[in-house]
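# Examining the three-dimensional arrangement
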Amino acid sequence: GDLDVNVPVQSKDEYGKVIQTFNDMTLRLREAEDARRRLVADVAHELRTPLSIMQLKLENVQQTGQDVPPEMLLRLHDEVIRLSLLVEDLHVLSLAEAGRLSLDCKLLDLSARLERIVDDVKMEAEENGLELRFYSNTRPIMVMADVRRITQVFINLLTNAIRYTPEGGKISVLMEEKVLDRNAAYTCISVIDTGIGIPSEELGYLFDRFYRVEKARSRNTGGTGLGLSIAHHFVRAHGGFIHVVSESEQGTTFNVYLPLGKC
Ligand code: ADP
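Residues numbered from 1 in each chain as written. Predicted model: local features only at pLDDT ≥ 70, side-chain atom pairs only at ≥ 80, totals over all residues. Heavy atoms only, no water.

Turning our eyes to something else, we now look at the environment of leucine 226. Counting through the fold element by element, leucine 226 comes out in the loop between α5 (215–220) and α6 (227–237). With 181 residues separating them along the chain, leucine 226 and histidine 45 place their C-alpha atoms 14 Å apart. Those residues in contact with leucine 226 that lie beyond four places of it in its chain are Leu86, Asp89, Leu90, Leu93, Arg209 and Phe210. (Helix = DSSP H or I, 4+ residues; strand = E, 2+ residues; numbered from the N terminus. Contact = heavy atoms within 4.5 Å.)

Okay, structure coming up:
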């Protein structure tokens, strides 16, 4: 294509440097263009399935000329909701990837907030035969954070823990204040499950958009495949990071490190 240019550098003078800079720039442009192409292909792929399900159902109704059965309306509605969530997630993710995510940071008692989040998903956990507990030894723990984004991070991690832990399992949320180095104090929040785990060779791709460990199985759980990418970007935007430890059939721990009192 147009970007496949590479001018040979023949001298070390100013002229050579200009050419080198030019080559570096075209390389970066090419990488950005490749990333954009991949994103468009991924999105098309993700939209195709729910759209063709809806199309088939609607055509079926048209052909038989009968009234639309209520359960079909429910299924169609589910698919529309799924598509809307996907579009919403994509929008936020594209902002984050472009470094244009705006945070509305305020001083926040993270321990109190987490307690509420855990309360909010407790019912869903129990319906799935799981025990969900929150442990915190120090409180309050104050951070500068965007409540909405941080809430989304832990909702995503907890929803995953519920999805990927078989009945009878346990999910724990642990919170502690930690000092990692001389200058930076972090709090560490761990979301620990006793679920199916993630094979170690997959861990490196976990935060990539649309990455799923087992494609067929994950698709049926209703996720968009963007939950972890979004969590990763939101935490990074707060100056923090996520670290994951997992063992197949044993369970998974997501450690979320957030700086104390910064944003
Ligand atoms: P999804 O919407 O598919 O859950 P995510 O980005 O949230 O997408 O997660 C990506 C993949 O990582 C999931 O499809 C699943 O295979 C794996 N995964 C995430 N969380 C867990 C967990 N707690 N236990 C086991 N596997 C997990």
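That covers the picture; the talk isn't over yet.
A few words now on the site of the ligand. Surrounding the ligand, one finds 21 residues, the nearest of these being Asn160, Tyr164, Asp193, Gly225 and Leu228. Contacts to the ligand include asparagine 160, whose side-chain N or O atom sits 2.8 Å from an oxygen atom. For the ligand, whose accessible area on its own is 530 Å², the fraction buried by protein is 98%. At the level of secondary structure, the elements contributing two or more residues to the shell around the ligand comprise α4 (147–163), α6 and β7 (251–259). A per-element tally of the shell around the ligand places α4 first, with three residues. Broken down by class, the residue content of the shell around the ligand amounts to ten nonpolar, eight polar and three charged. (Near = heavy atom within 4 Å. Polar contact = N/O pair within 3.5 Å; in protein donor to acceptor, adjacent residues only side chain to side chain. Areas by Shrake-Rupley, 256 points an atom, 1.4 Å probe, with all protein chains shown as cover. Nonpolar A, V, L, I, M, F, W, Y, C, P; charged D, E, K, R; others polar.)

Phi at phenylalanine 210 is positive, roughly 65°, even though this residue is not glycine. Checked against the element boundaries, phenylalanine 210 lands in the loop between β5 (185–193) and α5. Taking the relative accessible area as the measure of exposure, phenylalanine 210 reaches 10% and is therefore buried. For glutamate 249, which is not glycine, the phi torsion reads 70° and is therefore positive. By the element assignment, glutamate 249 lies in the loop between β6 (241–247) and β7. Looking at glutamate 249, the relative accessible area reads 64%, which means it is exposed. (Buried < 20%, exposed > 50% of the residue type's maximum accessible area, 1.4 Å probe, protein only.)

On to the packing of helix α1 (residues 14–64) against helix α2 (residues 70–97). α2 packs onto α1 with a crossing angle of 165° between their chain directions and a minimal axis gap of 10 Å. Taken together, the axis directions place α1 and α2 in an arrangement best described as roughly antiparallel. As for the relative orientation of α1 and α2, their crossing is left-handed in sense. From α1, Leu39, Val43, Glu46, Leu47, Pro50, Leu51, Ile53, Met54, Lys57, Leu58 and Val61 reach across to α2, where they touch Met72, Arg75, Leu76, Glu79, Val80, Leu83, Leu86 and Leu90. (Axes fitted to C-alpha atoms, helices over the stretch in contact; angles between N-to-C directions. Parallel < 35°, antiparallel > 145°, perpendicular 65-115°, else oblique. Left-handed = near helix turned anticlockwise from the far one by under 90°.)

To continue, consider the sheet that holds β5. Pairing within the open sheet is mixed, and its five strands lie in the order β2-β4-β5-β7-β6. At either margin of the open sheet sits one strand with a lone partner, and together these are β2 (131–136) and β6. The sheet shows a mean angle of 15° between the axes of neighbouring strands, taken without regard to direction. Strand contacts of helix α3 (residues 110–127): β2, β4 (170–179), β5 and β7, with the helix running at about 170° to β2, the strand carrying the most contacts. (Pairing = 2+ DSSP bridges.)

Moving on to the packing of aromatic side chains. Scanning all chains against the criterion turns up four aromatic pairs. On the numbers, 5.7 Å between centres and 70° between planes, the contact of tyrosine 186 with phenylalanine 241 is edge-to-face. Of this pair, tyrosine 186 sits in strand β5 while phenylalanine 241 sits in strand β6, and the two are 55 residues apart along the sequence. The exposure class of tyrosine 186 is buried, given its relative accessible area of 13%. Ring centres 4.6 Å apart and planes at 15° place the aromatic pair phenylalanine 241 and tyrosine 257 in the stacked group. Separated by 16 residues along the polypeptide, phenylalanine 241 in strand β6 and tyrosine 257 in strand β7 bring together distant segments of the chain. Judged by relative accessible area, which is 32%, phenylalanine 241 ranks as partly exposed. Tyrosine 257 gets classed as buried once you look at its relative accessible area, which sits at 11%. Cluster of aromatic residues (ring-pair linked, three or more members): Tyr186, Phe241 and Tyr257. (Phe/Tyr/Trp six-rings, centres within 6.5 Å; stacked < 30°, edge-to-face > 60°.)

Let us now look at the side chain of asparagine 23. Its place among the elements puts asparagine 23 in helix α1. By relative accessible area, asparagine 23 is classed as buried at 8%. Beyond its immediate chain neighbours, meaning those up to four positions away, asparagine 23 contacts Val5, Asn6, Val7 and Val9.

Keep in mind these numbers describe shape, not what the thing actually does.
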